[in-house]
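Fold and geometry: a report
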Amino acid sequence: MAVAEPWWRARRADAGAAGLALGVPVVTVVAYCLDMGLKSVVREDRPCRTLHVRTLEACPAPGDWSFPSNHAVIAASAAVALLFVSRRLGAVAVVAALAMGASRVWVGVHYPHDVLAGLLVGALVAVLAMRALRRRSAAVAGRLAASRLGAFLLTP
């Protein structure tokens, strides 16, 4: 429900704000896809595989690469994108993203640089995409309004 709150409030404000709020999950998926491309290029083994230490969480299967952290990319992109829609909810999400990133190192499935890179990739994708979307939010809202879901997505 907390994720839907910015969209629900923006929907009542104006169509452009609702379009921007609807961009948050799209931006998160784009960041994840970029992350998967980076992982397949870098192909870094996880610390639980290379350091041969006991970890708090089961070590992912071989071929499930470490750099950058998927969790960090997804959390950072969602949190930063939410900042464009709701400062309050975005700030809470940023704190949660940082805590989640630290937990990935603590349980032994990522190196610190995996999480830092993931946070940077996610944040950068979100900033660039949300700025571009903000400039075109009225046009995006117009296209959404003309779609079958327009009445549900954009009008109170």
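Scroll up a little and you will see the structure.
Residues numbered from 1 in each chain as written. Predicted model: local features only at pLDDT ≥ 70, side-chain atom pairs only at ≥ 80, totals over all residues. Heavy atoms only, no water.

Details of a nonpolar patch on the surface
- Taken together, the side chains of Tyr32, Met36 and Ile74 make up a nonpolar region of the molecular surface, amounting to roughly 230 Å² of accessible area.
- With respect to the secondary-structure elements, Met36 resides in helix α2 (residues 15–42). (Patch = residues over 30% accessible without salt bridge, like charges linked within 9 Å, V, L, I, M, F, W, Y side chains within 5 Å. Areas by Shrake-Rupley, 256 points an atom, 1.4 Å probe, with all protein chains shown as cover. Salt bridge = Lys/Arg side-chain N within 4 Å of Asp/Glu carboxyl O. Helix = DSSP H or I, 4+ residues; strand = E, 2+ residues; numbered from the N terminus.)

Topic: the side chain of Arg46
- By secondary structure assignment, the location of Arg46 is in the loop between α2 and α3 (47–50).
- A distance of 3.3 Å separates the side chain of Arg46 from the backbone oxygen of Trp65, its partner in a polar contact.
- In this structure the side chain of Arg46 is engaged in a polar contact, spanning 2.8 Å, whose partner is the backbone oxygen of Val109.
- With sequence-adjacent residues up to four places away left out, Arg46 is seen in contact with Lys39, Pro60, Asp64, Trp65, Ser66, Arg104, Val109, His110 and Tyr111. (Polar contact = N/O pair within 3.5 Å; in protein donor to acceptor, adjacent residues only side chain to side chain. Contact = heavy atoms within 4.5 Å.)

What to know about the pattern of salt bridges
- One pass over the full model with this rule turns up one salt bridge.
- Here Arg46 ties to Asp64 by a salt bridge, and the two come within 3.1 Å at their closest N and O atoms. Remark: Asp64 occurs in the loop between α3 and α4 (70–85) and Arg46 occurs in the loop between α2 and α3; sequence separation between them is 18 residues.
- Classification of Arg46 as buried rests on a relative accessible area of 5%.
- The class of Asp64 is partly exposed, set by a relative accessible area of 33%. (Buried < 20%, exposed > 50% of the residue type's maximum accessible area, 1.4 Å probe, protein only.)

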